[in-house]
Amino acid sequence: MSAKLRVGILGATGMVGQRFISILENHPWFEVVTVAASPRSAGKRYEEAVEGRWKMDTPIPEKVKDLVLYNVNEVEKVAATVDFVFSAVDMTKDEIRAIEEAYAKTETPVVSNNSAHRWTPDVPMVVPELNPEHYEVIKYQKQRLGTTNGFIAVKPNCSIQSYTPALFALKDFEPKEVVVSTYQAISGAGKTFKDWPEMEGNIIPYIGGEEEKSEQEPLRIWGKVEDGVIKKCENGPKITSQCIRVPVLNGHTATVFVNFGKKPSKEEMIERWVSFEGEPQRLNLPNAPKHFIQYLEDDNRPQVALDVDFENGMGVSLGRLREDSIFDYKFVGLSHNTLRGAAGGAVLSAEYLYAKEYIKAKQN
């Protein structure tokens, strides 16, 4: 791997776009060379466009400050400057589907944080540690799009990262029924407390669309590539969920109750969790956590304040595993929603796609 790949960020001024820029500041393989956003931001210097609304803890990277924003709708113009793009555009789902396909058809791979293509049958929705084999569907997607190198790959909803890896690591024990409640940080809505002061000391018991995602997306991750499409797992666990917005900046917590077809011991569950690894660990990808899942023995863990940054925000923290009076077991999970759950997960996906030569430098 020689020269860095040229990266574009679509939707670069929003919170997830900012997180992409922050993560990629010193990336060994990728360099942000192009930023694109809505027509109202186009033509502005990046620093000017996000003045007063930069939401990261670290400053805007010097190399990005003076980049002039492109109009994200000028697809050919943007695509000519990059090898691939990350998509975090704020549009309707129909508009997102159309614009991401338009970029792919310019032979520009699209790694998307958006939900619009998560159920497109030939678009892989992947957590790289769990189901990287779903990237095999890309060859069929290219046939549909009429491309040689262009394609779309997506990552799943941020909230499912706090419990789906835990269930996936226990697949051999046949999880059958799952009740999960997620307690979701305000950054999942693209907000800080400065933007959303009414969330201080408040809980909102509804987040539009989240419960459907929480119940269905894990079953697509469990699915298989058949006949050129991804078929969701029909005999996977039945999941029911509640999703609640809580006054936390970063970090989605989940409480999970589960019944198994083959009930394991508590010791077997913990051993499966802490020893679990996937292709990102074996490939030593730059943003792969060395330890994907940690188990914390203290009764008062995991906590957002103490554990959300485990493995630079790319690991999953579990705790409070115990037998239940109705279900076999219950436990608590925590993941960083804008790192593992959003931009960081997409960057890890792009690293895997690059390592496996799905993403390559364009021949100019």
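It should be noted that the structure appears before, not after, this text.
First, a word on what this report is: a plain description of the structure on this page. (Residues numbered from 1 in each chain as written. Predicted model: local features only at pLDDT ≥ 70, side-chain atom pairs only at ≥ 80, totals over all residues. Heavy atoms only, no water.)

Here we look at the environment of H117
Along the chain, the position of H117 falls in the loop between β5 (110-112) and α6 (138-145). Along the sequence, H117 and K155 sit 38 residues apart, while their C-alpha atoms lie 9.5 Å from each other. (Helix = DSSP H or I, 4+ residues; strand = E, 2+ residues; numbered from the N terminus.)

Brief notes about the nonpolar core
Counting residues in each nonpolar core, the largest one holds 52 residues, and the members touching the most others are L10, Y103, W273, L318, L321 and F331. Not counting chain neighbours up to four residues away, the residues in contact with Y103 comprise L10, V72, E74, V75, V78, A79, T108 and V110. Core analysis: the second largest hydrophobic core is formed by 45 residues, F20, M314, A346 and V347 among them. (Core = buried A, V, L, I, M, F, W, Y, C linked by side-chain atoms within 4.5 Å. Buried < 20%, exposed > 50% of the residue type's maximum accessible area, 1.4 Å probe, protein only. Contact = heavy atoms within 4.5 Å.)

Concerning the packing of helix α1 (residues 15-23) against helix α12 (residues 343-355)
The N-to-C vectors of α1 and α12 enclose an angle of 50°; their axes lie 9 Å apart at closest approach. Between α1 and α12, the angle falls in the class oblique. The handedness of the crossing between α1 and α12 is right-handed. Contact with α1, carried on its side by V16, R19, F20 and I23, involves A343, G344, A346 and V347 of α12 and no other residues of that element. Taken together, the residues of the contact of α1 with α12 sort by class into 6 nonpolar, 1 polar and 1 charged. (Axes fitted to C-alpha atoms, helices over the stretch in contact; angles between N-to-C directions. Parallel < 35°, antiparallel > 145°, perpendicular 65-115°, else oblique. Left-handed = near helix turned anticlockwise from the far one by under 90°. Nonpolar A, V, L, I, M, F, W, Y, C, P; charged D, E, K, R; others polar.)

Topic: the layout of surface pockets
The space that makes up the largest pocket amounts to roughly 1,200 Å³. Forming the walls of the largest pocket are 43 residues, and the residues nearest its centre are V16, A88, V89, D90 and N114. Sorting the residues of the lining of the largest pocket by element identifies α1, α5 (93-104) and α8 (210-221) as the ones contributing at least two each. Among the elements that take part in the lining of the largest pocket, α1 stands out by supplying 3 residues, more than any other. Its residues assigned to classes, the lining of the largest pocket comprises 13 nonpolar, 20 polar and 10 charged. Considered as a void within the structure, the second largest pocket measures approximately 390 Å³ in volume. Lining the second largest pocket are 23 residues, and of these K55, M56, D57, T192 and L249 lie nearest its centre. (1 Å grid on protein atoms, 1.4 Å probe; cavity = no way out; pocket = protein on both sides within 12 Å on 5 of 7 lines; lining within 4 Å. Points joined across faces, edges and corners; volume = space filled by probe spheres on them.)

What about the side chain of N131?
Looking at the secondary structure, you find N131 in the loop between β5 and α6. A relative accessible area of 0% means that N131 is categorised as buried. Within the structure, the side chain of N131 is placed 3.0 Å from the backbone oxygen of M125, a separation counted as a polar contact. A distance of 3.0 Å separates a polar atom in the side chain of N131 from the backbone nitrogen of V127. (Polar contact = N/O pair within 3.5 Å; in protein donor to acceptor, adjacent residues only side chain to side chain.)

Describing empty space enclosed by the protein
The final tally for this structure, using the stated rule, is 1 cavity of 30 Å³ or more. Of the voids in this model, the largest cavity is the one considered here, and its volume is about 30 Å³. V126, V127, P128, K155, Q161, R340, G345 and S349 are the residues that line the largest cavity. Class assignment of the residues belonging to the lining of the largest cavity gives a composition of 3 nonpolar, 3 polar and 2 charged.

A word on the pattern of salt bridges
Inspection of the entire model under this criterion finds 23 salt bridges. Taking the shortest distance from any N to any O, the salt bridge between E74 and K77 comes out at 3.8 Å. (Salt bridge = Lys/Arg side-chain N within 4 Å of Asp/Glu carboxyl O.)

Section: unusual backbone geometry
A cis amide bond links R301 with the next residue in sequence, P302, at an omega value of 5°. Inspection of the secondary structure assignment puts P302 in the loop between β12 (293-296) and α11 (304-307). One non-glycine residue, N284, adopts positive backbone phi at about 55°. Structurally, the position occupied by N284 is in the loop between α10 (279-283) and β12.

Describing the sheet that holds strand β6 (residues 152-154)
Pairing is parallel in the open sheet, where 6 strands are placed in the order β3-β2-β1-β4-β5-β6. Both edges of this open sheet fall to β3 (70-71) and β6, since each of them pairs with a single strand only. Pairing of strand β1 (residues 5-10) with strand β2 (residues 30-37) involves 6 bridges; the strand directions are parallel. Bridging from a neighbouring strand, V7 pairs with V32 of β2. Strands in contact with α1 are β1, β2 and β4 (84-87); relative to β1, the strand with the most contacts, it is inclined by about 160°. (Pairing = 2+ DSSP bridges.)

Side note on the sheet that holds strand β10 (residues 238-245)
Sheets are built from strands paired through backbone hydrogen bonds, the pairs being either parallel or antiparallel. Pairing is mixed across the open sheet formed by 6 strands, whose spatial order is β10-β7-β11-β14-β13-β12. In this open sheet, the two edge strands, each paired with only one partner strand, are β10 and β12. Taken pair by pair, the neighbouring strands of this sheet meet at an average axis angle of 20°, ignoring direction. Note that strand β7 (residues 175-184) and β10 share 8 bridges and pair parallel. The residue of β10 that forms the bridge with V178 is I239.

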